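# Structural description and commentary
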Amino acid sequence: GLSLVKFGNAVIMERLIEPPKTILEWVFNPWTFQVAYSGLMLVGLLGLFAARWQQPKPVWLVAMPLVWLGWQFIAASQSVDAGLSAATLRHFAACVLCFYLGFFVLAQAREPRFLPGLGIGLAVVLMTGFEQHFGGLEETRRYFFAYLYPQMQNVPPEYLTKIQSKRIWATLFYPNALAGVLLLLLPATLVFILRKVTRLTVEARWFVTGVFGLAGVACLFWSGSKGGWLLMLLLVLLTLLKMDLSA
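As a starting point, this report considers the structure included with it. (Residues numbered from 1 in each chain as written. Predicted model: local features only at pLDDT ≥ 70, side-chain atom pairs only at ≥ 80, totals over all residues. Heavy atoms only, no water.)

Let us now look at the side chain of Ser85. Locating Ser85 in the fold gives a position in helix 5 (residues 82-104). Ignoring anything within four residues of it in the chain, the contact list for Ser85 reads Ala76 and Ser79. (Helix = DSSP H or I, 4+ residues; strand = E, 2+ residues; numbered from the N terminus. Contact = heavy atoms within 4.5 Å.)

For Pro30, the position within the fold is in the loop between helix 2 (23-28) and helix 3 (33-50). Judged by relative accessible area, Pro30 falls into the partly exposed class, the value being 35%. When the C-alpha positions of Pro30 and Leu66 are compared, they lie 30 Å apart, and in sequence the two are 36 residues distant. Sequence-distant contacts of Pro30, defined by excluding residues within four places in its chain, comprise Lys6, Asn9, Ile17, Glu18 and Pro20. (Buried < 20%, exposed > 50% of the residue type's maximum accessible area, 1.4 Å probe, protein only.)

Attention now moves to helix 5. Over its 23 residues, helix 5 runs 33 Å from end to end, which matches the ideal 33 Å to within 8%, given 1.5 Å per residue. Inspection of helix 5 places Ser85, Ala87, Leu89, Ala94, Val96, Tyr100, Leu101 and Phe104 among the buried residues, and these make up the whole buried set. Looking at the buried side of helix 5, the elements it contacts are helix 3 and helix 4 (59-76). Capping the start of helix 5, Asp81 holds a side-chain oxygen 3.2 Å from the backbone nitrogen of Gly83, two or three residues further along. (Expected span 1.5 Å × (residues − 1). Polar contact = N/O pair within 3.5 Å; in protein donor to acceptor, adjacent residues only side chain to side chain.)

So, about the packing of aromatic side chains. If you walk through the whole model with that rule in mind, you get 18 aromatic pairs. Residues Phe103 and Phe104 carry aromatic rings whose centres are separated by 5.0 Å and whose planes lie at 80 degrees to one another, so their mutual orientation is edge-to-face. For Phe103, a relative accessible area of 29% translates into the label partly exposed. The exposure class assigned to Phe104 is buried, which follows from its relative accessible area of 13%. An aromatic cluster of at least three residues, connected via ring pairs, comprises Trp53, Phe99, Tyr100, Phe103 and Phe104. (Phe/Tyr/Trp six-rings, centres within 6.5 Å; stacked < 30°, edge-to-face > 60°.)

As structure tokens, this is what we get:
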């Protein structure tokens, strides 16, 4: 959940992210990837004690992420930009570590206790998306061209395209990344609210689920991701195929 809110920038832009210096910057600004990797290393160490080391079947399938990561390191030896390749490899290694934490630690959990954290992070993403759509994006655009753009020597063309567009990206870096996050996390969050938040009445759970779902669909629409809509339709189709509609 924290990664959705504070580490949504693209890894190739990490050299442009300034470390927070004040309390307000720690609260409102994105954090550097060094903070993310340090936190992940700590989680990885804790995972060593919480993991259940049982031999996976088939072994070769579970080993494939390590094979892929090794190939990426070999390919990076011929890179034309060592700095970008190093940043990308750190990101790839973090992804592989997360995969094995999920396989050996989270897969053993009887209850998805990690979903509330993801749900809170997703709620912040949705609120930021609404704020961008209803005026925040225009304010960001004005501030950028009034104060930042005149002082910048090299502005990536992709960032100029993004800042001039009406597509929202919330706490992520690209609108398509926002769409991917919504498609990945929104269905699981809605199911968790309906089935696990038992402190609320059934009616309240349906109300919260409806609000959460409508907010997610609205942000998906405002992201302008055509691929996101196609994937959502595919998810709906797969859900209907799994449902028992005989009654």
